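# Architecture and fold: a report
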Amino acid sequence: MSKPTLLERFLVRATVSAVEHITPRMRHIRLTGDSLHRLEWTPGQHVRVLVDAIRLRSYSVWEHSPDGYLDLCVLDHPAAGPGARWSREVRAGQTVAFTRPQGRLVPRDAAYHLFAGDETAAVAFGPMLRALPNSVSYGVVEVEGPDDRLPLPFTRARWLERNGPDGLADAVRGLDLPAAPGVAYLAGEARACQAVRRHLVTERGWPRRSVVVKPFWTPGKRGLD
Ligand SMILES: Cc1cc2nc3c(=O)[nH]c(=O)nc-3n(C[C@H](O)[C@H](O)[C@H](O)COP(=O)(O)OP(=O)(O)OC[C@H]3O[C@@H](n4cnc5c(N)ncnc54)[C@H](O)[C@@H]3O)c2cc1C
């Protein structure tokens, strides 16, 4: 067996126990192991998975149980880089190495919550919404088609089929939101996130601190995080 690299020594290890489709284009990958009992995670945070010998890709944690499992949901996009290829090839029984959960895309205190993003962002939104069971939430999620919808318990949801770079911002512009700002969580494709942020700050006058932005990917760039 080869010696572990410095990177590998800092990573958590778990075993893949199941790989299933949660939507036709997205795989739900369950990791199990003793290392997962003690893992600290706040809903919305992600782990960075070693998807081949040298490359890490970030995936939001869909669910974590202190009983010893952690679930990821990985989109199989057409440009398939190392992350998407890993999700195609990974099988039950294999060992996976990844960082501890990290990230600032986590629920804040607010009168109401606005979530906007795409299929990949929906993976982070799911556990954040489950952590806010009695809160008012508005969701706008842009997807390729109706099959891409994840089960997300928004108070008010608008699922949008992808239709150009301004589609997400236009849909948020059309929302009938309360006059006072809440907190917005914007994730997914980088330019769409920035367009929604511009709309909230410049057109609706929301303070910048009320808008949490985490770009997940952008066309032509590899491994954004
Ligand atoms: C904090 C964070 C959390 C994330 N959580 C998730 C998650 O839960 N699930 C998930 O699937 N992804 C998630 N991502 C995105 C993920 O990390 C990778 O960027 C994605 O899997 C693409 O990696 P890749 O190696 O396949 O492609 P890369 O080599 O990174 O990129 C190759 C090309 O593929 C294209 N591309 C990348 N992503 C997409 C896409 N979604 N749709 C269309 N084209 C694309 C781009 O043109 C890019 O240049 C997250 C990213 C971040 C930063």
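Throughout this document, residue positions are counted from 1 along each chain, in the order its sequence is written. Per-residue local features are limited, in this predicted model, to residues with pLDDT of at least 70; the limit for side-chain atom pairs, both in listing and counting, is 80 or more; totals at the level of whole chains, interfaces and linings are taken over all residues. Side-chain metrics in this entry use all non-hydrogen atoms of the structure; hydrogen atoms and water are not considered.

## Remarks on the overall build of the protein chain
To be explicit about the condition: Helix and strand assignments follow DSSP, with helices taken as H or I runs no shorter than four residues and strands as E runs no shorter than two, numbered in order from the N terminus. We compute the radius of gyration from the C-alpha atoms alone; for a globule the expected value is 2.2 Å times N to the 0.38, where N is the number of residues. Relative accessible area decides the class of each residue, using a 1.4 Å probe on protein chains only: under 20% of the type maximum gives buried, over 50% gives exposed, and in between gives partly exposed. Here the open area of atoms and residues is found with the Shrake-Rupley method and a 1.4 Å probe, where only the protein chains shown may cover a residue. Neither His nor the chain ends contribute to the count of charged residues, in which Lys and Arg are positive and Asp and Glu negative. Charge positions are represented by NZ for Lys, CZ for Arg, CG for Asp and CD for Glu.
When its secondary structure is counted, the protein chain shows five helices and eleven strands. Relative to the 2.2 N^0.38 estimate, which gives 17 Å for 225 residues, the radius of gyration of the protein chain is 18 Å and therefore close to what a compact globule would have. Judged by the C-alpha coordinates and their principal axes, the protein chain covers about 60 × 35 × 30 Å. Taken across its 225 residues, the protein chain has 51% of its residues classed as buried. In the form shown here, the protein chain has an accessible surface area of approximately 11,400 Å², with 49% of it arising from carbon and sulfur atoms. Within the protein chain, the 24 negative side-chain charges are centred at a point lying 6 Å from the centre of the 31 positive side-chain charges.

## Structural notes on the site of the ligand
Applicable threshold: Nearness is judged by heavy atoms alone; a residue qualifies as near a molecule or strand once a single heavy atom is within 4 Å of it. For this analysis, a polar contact is any N or O atom pair within 3.5 Å, provided that within protein one partner can donate a hydrogen and the other can accept it, and provided that sequence-adjacent residues contribute only side-chain to side-chain pairs. In this document the domain limits rely on a domain assignment from an automatic tool or a database.
Taken together, the neighbourhood of the ligand is formed by 27 residues, with Arg57, Ser58, Gly83, Lys221 and Gly223 sitting nearest. Contacts to the ligand include Lys221, whose backbone N or O atom sits 2.7 Å from an oxygen atom. Gly223 is positioned such that a nitrogen or oxygen atom in its backbone is 2.6 Å from an oxygen atom of the ligand. If the ligand stood free it would expose 940 Å²; the protein chains cover 92% of that surface. The set of elements that each furnish at least two residues to the shell around the ligand consists of β4 (56–65), β5 (69–75), α2 (82–89), α3 (119–130) and β11 (211–217). Here the shell around the ligand gathers at least three residues from each of two domains, domain 1 (6–98) and domain 2 (113–217).

## Here's the deal with the layout of surface pockets
This is how it is decided: Of the two site types, the cavity is a set of points on a 1 Å grid over the protein atoms alone where a 1.4 Å probe fits but cannot get out, and the pocket is an open set with protein on both sides within 12 Å along at least five of seven lines, each lined by residues with an atom within 4 Å of a point. Grid points are joined across faces, edges and corners, and a volume is the space filled by probe spheres set on the points. When residues are sorted by character, Ala, Val, Leu, Ile, Met, Phe, Trp, Tyr, Cys and Pro go into the nonpolar class, Asp, Glu, Lys and Arg into the charged class, and all the rest, Gly among them, into the polar class.
Its boundaries defined by the atoms lining it, the largest pocket holds a volume of some 980 Å³. Taken together, 43 residues make up the lining of the largest pocket; nearest its centre are His77, Thr120, Phe216, Trp217 and Thr218. Among the secondary structure elements, those contributing two or more residues to the lining of the largest pocket are β3 (46–50), β4, β5, α2, α3 and β11. Of the residues forming the lining of the largest pocket, the biggest block, five residues, is contributed by β4. For the lining of the largest pocket, the residue count by class is 18 nonpolar, 13 polar and twelve charged.

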